[in-house]
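Each chain, letter by letter, is given below.
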Amino acid sequence: MDWQALLLSIKLSTVTVLILIPLAIIAGRFLAYRHFRGKSWVEALVMVPLVLPPTVIGYYLLVGLGSESWLGRTLEQLLGHQLVFHFSGLVVASILVNIPFAIQPIQRAFEAVPEDVRDAAACCGMSRLKVLFKIELPMVWPGVLTAMVLCFSHVLGEFGVVLMMGGNIAGETKTIAISIYDSVQAFDFASAGNMSLVLLLFAVTVLALTTSLSRRVGGQHVANRR
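All of the points below concern the structure found in this document.

Before going further, it helps to spend a moment on the layout of surface pockets. Of the voids in this model, the largest pocket is the one considered here, and its volume is about 270 Å³. Lining the largest pocket, in full, are Arg 29, Phe 30, Tyr 33, Arg 34, Arg 118, Asp 119, Ala 122, Met 126, Ser 127, Arg 128, Val 131 and Glu 136. Elements with a contribution of two residues or more to the lining of the largest pocket: α1 (3–33), α7 (115–123) and α8 (128–156). Split into classes, the residues belonging to the lining of the largest pocket amount to 5 nonpolar, 1 polar and 6 charged.

Below you can see the structure in the form of structure tokens.
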């Protein structure tokens, strides 16, 4: 087991979730409640990472944020280091790739909130911010939890965009997925099998727990409404 790569992957997954989920709550709520011209195009843009190969996204990030581009040079001057082949670059890439996994479940959860509940809260004089934290977020919690688990798990197994954007630098950009690839390339199938098994068990366990918890929370909301 490449513990350094595993810990780096967990760190990348955690940072990505902490940054992306609050933004996804804002974007998901906006898309759920707002109707405007071109909304279907915005939703399609959100879904692009699902159908676009990760290597393609990684290529555009590599070109757009590299030292040869104006944006890349500007960011390098501001940050003191380039994003390419750096952990911070992996965070940017992971956020972009996981946008649909974060926004879609949260948007669907907000869409399921009954309109009369929000209207009743507004009639009681509650501000929009108070409605969000007191009424909506407790009701959409299963969607938020699903988004968190999907993003965390997906980042943990990312390969294409990570390799394109970060390369294979031990302790900096070498994630567990790249370590598995290296082990296979070196014909070390025992190590590759062990690391793959850990990821498989983690994915199955987390998804099972999330499904169970979501059902319990959803059942409590139905019981409270009754």
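Looking now at unusual backbone geometry. Residues other than glycine seldom take positive phi values, yet Phe 85 does so here, at roughly 60°. Here Phe 85 shows up in the loop between α4 (70–79) and α5 (87–97). Positive phi values are uncommon outside glycine, yet Phe 187 reaches one of about 60°. Tracing the chain through its elements places Phe 187 in the loop between α10 (176–185) and α11 (189–225).

Here we come to the packing of aromatic side chains. Two aromatic rings are characterised by how far apart their centres lie and by the angle between their planes. Counted according to the given criterion, the structure contains 6 aromatic pairs. Ring centres 5.5 Å apart and planes at 35° place the aromatic pair Phe 30 and Phe 36 in the tilted group. Judged by relative accessible area, which is 32%, Phe 36 ranks as partly exposed. With 5.8 Å between their ring centres and 45° between their planes, Phe 152 and Phe 202 make a pair best called tilted. Taken together, the residues Phe 152 in helix α8 and Phe 202 in helix α11 connect sequence positions 50 residues apart. One cation-aromatic arrangement involves Lys 11 over Phe 87; the distance from NZ or CZ to the ring centre is 4.6 Å.

So, about the nonpolar core. Generally speaking, a soluble globular protein has its nonpolar side chains buried in company with each other. Residues Ile 21, Leu 61, Ile 106, Phe 110, Val 161 and Met 165 are the most contacted members of the largest nonpolar core, which totals 39 residues. Breaking this core down by element, the ones donating at least two residues are α1, α3 (54–65), α5, α6 (99–111), α8 and α9 (160–166). Here the element with the most residues in this core is α1; it accounts for 10 residues. Discounting residues that sit within four places of it in the chain, Phe 110 has contacts with Ile 25, Gly 28, Arg 29, Ala 32, Tyr 33, Leu 132, Glu 136, Leu 137 and Val 140. By size, the runner-up hydrophobic cluster in this structure holds 7 residues, among which are Leu 156, Ile 176, Ile 180 and Met 195.

Let us now look at α6. Its 13 residues place the ends of α6 18 Å apart at the C-alpha level, agreeing with the 18 Å of an ideal helix rising 1.5 Å per residue. Among all positions in α6, only Pro 100, Ala 102, Ile 103, Gln 104, Pro 105, Ile 106, Gln 107, Ala 109 and Phe 110 are buried.

Parameters at a glance
Residues numbered from 1 in each chain as written. Predicted model: local features only at pLDDT ≥ 70, side-chain atom pairs only at ≥ 80, totals over all residues. Heavy atoms only, no water. 1 Å grid on protein atoms, 1.4 Å probe; cavity = no way out; pocket = protein on both sides within 12 Å on 5 of 7 lines; lining within 4 Å. Points joined across faces, edges and corners; volume = space filled by probe spheres on them. Helix = DSSP H or I, 4+ residues; strand = E, 2+ residues; numbered from the N terminus. Nonpolar A, V, L, I, M, F, W, Y, C, P; charged D, E, K, R; others polar. Phe/Tyr/Trp six-rings, centres within 6.5 Å; stacked < 30°, edge-to-face > 60°. Buried < 20%, exposed > 50% of the residue type's maximum accessible area, 1.4 Å probe, protein only. Lys NZ or Arg CZ within 6 Å of the ring centre and 35° of its normal. Core = buried A, V, L, I, M, F, W, Y, C linked by side-chain atoms within 4.5 Å. Contact = heavy atoms within 4.5 Å. Expected span 1.5 Å × (residues − 1).

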